[in-house]
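Each chain is listed here by its residues.
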Amino acid sequence: MVEVIVGGGVVGLSVAWRLARAGRPVTVVDPDPAGGASHAAAGMLAPVSEVTYTEEPLLRLGLASLRRWPAFAAELAADAGLPEGAHGVDLRAEGTLDVAFGADDLAALDELAAFMDKLGLPVERLTGRECRRLEPMLAPSVRGGLLAAGDAWVDPRRVTAALLTALERRHVPLVRARVTGLLREDDPEGPAAGLLREGGPAGRVTGVRLEGGAELAATTVVLAAGAWSAALAGVPVRPVKGQILRLRSPQPLLTRCVRGSVHGSPVYLVPRGDGELVVGATQEELGFDTRVTAGGLYELLRDARELVPGVTELELADVVAGLRPGTPDNVPIVGPAGDGLVLATGHHRGGVLLAPLTAALVAGEAGGEEGGLAALCSPARFGEIA
Ligand code: GLY
């Protein structure tokens, strides 16, 4: 029998790959592998510049996972047979420049700088002129910035493609089907009533039911179904829509990630080695709505143009909306949740960043101080879990 990974996004595929590398028999199930939120994601590995007040646990997880990224990328490239090595997933580490547009944005940036200082984070406060010296395409109106030199980024589409290749090379089966429910020992007819149900623990998970009724038996099910996880087990995960667009430029416009606030409205620009510039992302609570809207794209382009006027000259290459799996505290839900079930979901804005650490935790590769981080994302924090 095998371990079944439900979900072929960056988290599910990373978990499957680490388990397969350890010699464990796994099967991945997903109707659209490498689609969904992983296809939309910009790929920022930015625990420092994404830090927000009250989210220190997320920061600790993000920093630990960022440390894992270089080795993860190199091993993945080797396993997938990428001739370019780690560059094959476009891992870059030139940092993030967080810039302010209006006086209000500058005041908020100053407050954020003080908060980061208190946390001991390595950021450098820059004037507008210093920001433009680093990134000459920034608008003259940019008033100041914060450089998080340790932040990095990667191309998630290359990462998931490499993961699929690596899994194929290890003969890991990929079942292209939708999972409609978990099979449980005490409830063979229906999907799990919910992990967080009242009245005692649910029975041991023994596999999954697929659309059409077929069943797949498993020693363990790893639930990595992102925003769809709540429908399969009663975990507190909700979809948070993000619209994002990709522009194409003959020459890279930026050398590092630029994020900024334009009168309180956040936007980020992520440059790729091939000249692509990713501009994201909206954050909307609209359920399972993946429509790309004129208003969403307008706001992104409006704010991006205020920070980097040259973006309007670029070719519009791609627009997409993805669903982040949000949790009540913005921290992922990773770890055992009863007999036969492991959760690896709820990564919200940090799926790409947190994939290496999540995979290590699930595969039992994280020890010492890193292993201690497991408590921060444990399912148990949401109460009694079967
Ligand atoms: N991590 C960026 C986003 O979710 O938009």
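Residues numbered from 1 in each chain as written. Predicted model: local features only at pLDDT ≥ 70, side-chain atom pairs only at ≥ 80, totals over all residues. Heavy atoms only, no water.

Draft legend 1. Broad picture of the overall build of the protein. If you tally the helices and strands in the protein, you get 10 helices and 18 strands. A globule of 386 residues ought to have a C-alpha radius of gyration of about 21 Å, and the protein, at 21 Å, matches this closely. Taking the principal axes of the C-alpha coordinates as reference, the protein spans close to 65 × 45 × 45 Å. Buried positions account for 56% of the 386 residues belonging to the protein. A separation of at least 24 residues holds for 75% of the contacts in the protein among residues at least 6 apart in sequence. (Helix = DSSP H or I, 4+ residues; strand = E, 2+ residues; numbered from the N terminus. Rg over C-alpha atoms; globule rule 2.2 N^0.38 Å. Buried < 20%, exposed > 50% of the residue type's maximum accessible area, 1.4 Å probe, protein only. Contact = heavy atoms within 4.5 Å.)

Draft legend 2. Structural context of the side chain of Glu 370. Note that Glu 370 resides in helix H10 (residues 368-372). Look at Glu 370 and you get buried, because its relative accessible area is 17%. When neighbours within four sequence positions are excluded, Glu 370 is seen to be in contact with Ala 64, Arg 68, Leu 357 and Leu 361.

Draft legend 3. Representation of the pattern of salt bridges. Across all of its chains, the model carries 26 salt bridges by this definition. Ionic pairing is found between Arg 18 and Glu 75, a salt bridge with its closest N-O pair at 2.8 Å. On the criterion of sequence distance, the pair formed by Arg 18 in helix H1 (residues 10-21) and Glu 75 in helix H3 (residues 56-80) is long-range, its members being 57 residues apart. Counted as one network, the salt bridges with shared partners bring together Arg 18, Arg 21, Glu 75, Asp 79, Arg 170 and Glu 365. (Salt bridge = Lys/Arg side-chain N within 4 Å of Asp/Glu carboxyl O.)

Draft legend 4. Structural detail: the environment of Thr 180. Here Thr 180 lies in strand S9 (residues 179-184). On the accessibility criterion, Thr 180 (31% relative accessible area) is partly exposed. In the structure, Thr 180 is positioned 78 residues away from Val 258 in sequence and 40 Å away in space, judged by C-alpha atoms.

Draft legend 5. Structural context of the site of the ligand. Around the ligand, the neighbouring residues are Met 44, Glu 50, Tyr 268, Ala 281, Arg 324 and Arg 349. Within the side chain of Tyr 268, a nitrogen or oxygen atom sits 2.6 Å from an oxygen atom of the ligand. Class assignment of the residues belonging to the shell around the ligand gives a composition of three nonpolar, no polar and three charged. (Near = heavy atom within 4 Å. Polar contact = N/O pair within 3.5 Å; in protein donor to acceptor, adjacent residues only side chain to side chain. Nonpolar A, V, L, I, M, F, W, Y, C, P; charged D, E, K, R; others polar.)

Draft legend 6. Region of interest: the nonpolar core. Core analysis: the biggest nonpolar cluster contains 50 residues, and Leu 45 and Leu 76 have the highest contact counts within it. Elements represented by at least two residues in this core include exactly H1, strand S2 (26-29), H3, helix H6 (156-169), strand S18 (341-345) and helix H9 (351-363). Top contributing element to this core by residue count: H9, with 10 residues. When near neighbours in sequence (up to four residues on either side) are disregarded, Leu 45 contacts Leu 66, Trp 69, Leu 91, Asp 151, Ala 152, Trp 153, Val 154, Val 352 and Leu 353. In this structure, Leu 269, Val 279, Leu 297 and Leu 314 belong to the second largest nonpolar core, which totals 26 residues. (Core = buried A, V, L, I, M, F, W, Y, C linked by side-chain atoms within 4.5 Å.)

Draft legend 7. Layout of the confidence of the model for the protein. On average, the protein scores 93 in pLDDT, and the residues at 70 or more come to 95%. Considering only residues more than four positions removed or in separate chains, one finds that residues 191-200, a stretch of pLDDT under 50, has 26 contacts. (pLDDT = per-residue confidence, 0-100.)

Draft legend 8. Region of interest: helix H8 (residues 294-307). A rise of 1.5 Å per residue sets the reference length of H8, with its 14 residues, at 20 Å; its end C-alpha atoms lie 20 Å apart and thus fit the reference within 8%. Within H8, burial applies to Gly 296, Leu 297, Leu 300, Asp 303, Ala 304 and Leu 307. Looking straight down H8, one finds its buried side chains confined to an arc of 140°; they lie on one side. With respect to the buried face of H8, the exposed residues turned more than 90 degrees away are Ala 294 and Tyr 298. (Expected span 1.5 Å × (residues − 1). Arc of directions from axis to C-beta.)

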